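# Coordinates in review
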Amino acid sequence: MHRRLAGWCIYLVILCGAFALPLREFVTFARQSEVHSYVLLIPFVTVYLLYIRWRHLSRELSTAWGYALLFALAGTAALSASLYFTELGQNDYMTLIALSFVCFVIAGVFLFLGSKWAHSAMFPLFFLAFMIPLPEAVVDSLENASKEASAEVANWLFLISGTPALRMGTVFQLPGISIMVAKECSGIRSSLVLVITSLLAANMFLRTTWRRALLVGAVIPLGLLRNGFRILVISLLCVHIGPEMINSPIHRRGGPIFFVASLIPLFVMLWWLRRREVAAPQPSTSENPKSIPADVPIV
């Protein structure tokens, strides 16, 4: 067992050395990205998940040649595609590089530790997939969909708050100013981080599948409500204080504030689901007295 673990660690060191230059470009890309800056935290979270679950992971280590070869072929195909398609943008190039690296990491898991260990560590290995940046076309589609939905939510908030507004698509004509909901208002990065946070919290603190799905499913309306509320706040500031508030810090750099605000209802919901789950009666198993050893007193 110790030799297999040592072999896997040596394999990871060699793999990181082979990907040294692409990984360096990947780190630079992620630090400068407006959408995928969160990917740098994913490997550290994965290592932490493995650390806290280490004693519960399988001790039956083996070699699963089929799965190892499958992921190795997938990693080779992604790496070859990144070298062959030279006209790819930086985002799509980094998507293929990260996909190749993750596939080779998982191939090493099956090669040195086997399928039983991989099954016991399924969620940490699945979580590592968030290290792969979304393709540019997917990001563009998500931003457009989020922009349209956020404008719809903002329109309802304008009606509820009694703010006079004339809507033309994603443009709102307000008293003294016109506001357009642009792609930058989609909050796609915050929404992705919110999804990842909900998945992590659901797996760590909830046991039942439907409660986990309920928590993760609540992220989408919660993210849209956050975007609509942000548009409402900025619009009201422009109407009641002055149009110059469109260039205020709350608009330019207020994203983290609204993101933290969206975490509050998420954690409240997690607390409620966790409390209901703990309070739920456990299924009782009736014991057959014949199966109880003779030296154990029956009360």
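Scroll up a little and you will see the structure.
An account of the accompanying structure is given in this report. (Residues numbered from 1 in each chain as written. Predicted model: local features only at pLDDT ≥ 70, side-chain atom pairs only at ≥ 80, totals over all residues. Heavy atoms only, no water.)

### A short note on the state of the cysteines
Definition in use: Two cysteine sulfurs form a disulfide in these notes if their separation is within 2.5 Å.
Applying the stated criterion across every chain, the model contains zero disulfides. The structure places no disulfide on Cys 9, whose sulfur is separated from the nearest cysteine sulfur, that of Cys 16, by 11 Å.

### A short note on the environment of Gln 90
As a reminder of what qualifies: In DSSP terms, a helix is any run of H or I states spanning at least four residues, a strand is any run of E spanning at least two, and both are numbered starting from the N terminus.
Inspection of the secondary structure assignment puts Gln 90 in helix α5 (residues 90-112). Considering only alpha carbons, one finds Gln 90 and Glu 136, 46 residues apart in sequence, at a separation of 9.2 Å.

### Overview of the pattern of salt bridges
Spelled out, the test is: Salt-bridge detection follows one rule: a side-chain nitrogen of Lys or Arg within 4 Å of a carboxyl oxygen of Asp or Glu.
With the rule as written, the count across this model stands at three salt bridges. Residue Arg 167 pairs with Glu 152 through a salt bridge whose shortest N-O separation is 2.6 Å. Placement of the pair is Arg 167 in strand β1 (residues 166-168) and Glu 152 in helix α8 (residues 136-161), with a sequence separation of 15 residues. One salt bridge in this structure joins Arg 274 and Glu 277, with 3.8 Å as the shortest N-O distance. On the criterion of helical spacing, the pair formed by Arg 274 and Glu 277 is a turn pair, its members being three residues apart in helix α13 (residues 255-279).

### As for α8
Operational definition: Helix span, as expected, comes to 1.5 Å for every residue beyond the first. Remark: exposure states derive from per-residue accessible area (1.4 Å probe, protein chains only) relative to the maximum for the residue type, with buried under 20%, exposed over 50%, and partly exposed in between. Contact definition: two residues touch when any of their heavy atoms are within 4.5 Å.
Helix length check: α8, at 26 residues, gives a terminal C-alpha distance of 36 Å against a target of 38 Å (1.5 Å per residue), a fit within 8%. Every buried residue of α8 is accounted for by Val 139, Glu 143, Ser 146, Lys 147, Ser 150, Ala 151, Ala 154, Asn 155, Leu 157 and Phe 158. Close packing links the buried residues of α8 with β1, β2 (171-174), α9 (188-205) and α11 (219-240). Backbone geometry just downstream of α8 places Gly 162 in the positive-phi region, at approximately 75°.

### As for the packing of aromatic side chains
Spelled out, the test is: In summary, the pairing rule links any two rings of Phe, Tyr or Trp, Trp by its six-membered ring, whose centres are within 6.5 Å, and it sorts them by plane angle into stacked for under 30 degrees, edge-to-face for over 60 and tilted for everything else.
Here the structure, examined in full by the defined rule, presents 14 aromatic pairs. Pairing Tyr 11 with Phe 112 gives two aromatic rings, centres 5.7 Å apart and planes at 50°, and the pair type is tilted. Here Phe 112 lies in helix α5 and Tyr 11 lies in helix α1 (residues 2-18), a separation of 101 residues in the sequence. Between Phe 19 and Phe 104 the ring centres are 6.1 Å apart and the planes differ by 55°, which places this aromatic pair in the tilted class. You can see Phe 19 sitting in the loop between α1 and α2 (20-32) and its partner Phe 104 sitting in helix α5, a full 85 residues away along the chain. Owing to a relative accessible area of 6%, Phe 19 belongs among the buried residues under this scheme. By relative accessible area, which is 15% here, Phe 104 ends up buried. Ring pairs connect the aromatic residues Phe 123, Phe 126, Phe 127 and Phe 130, which therefore count as one cluster.

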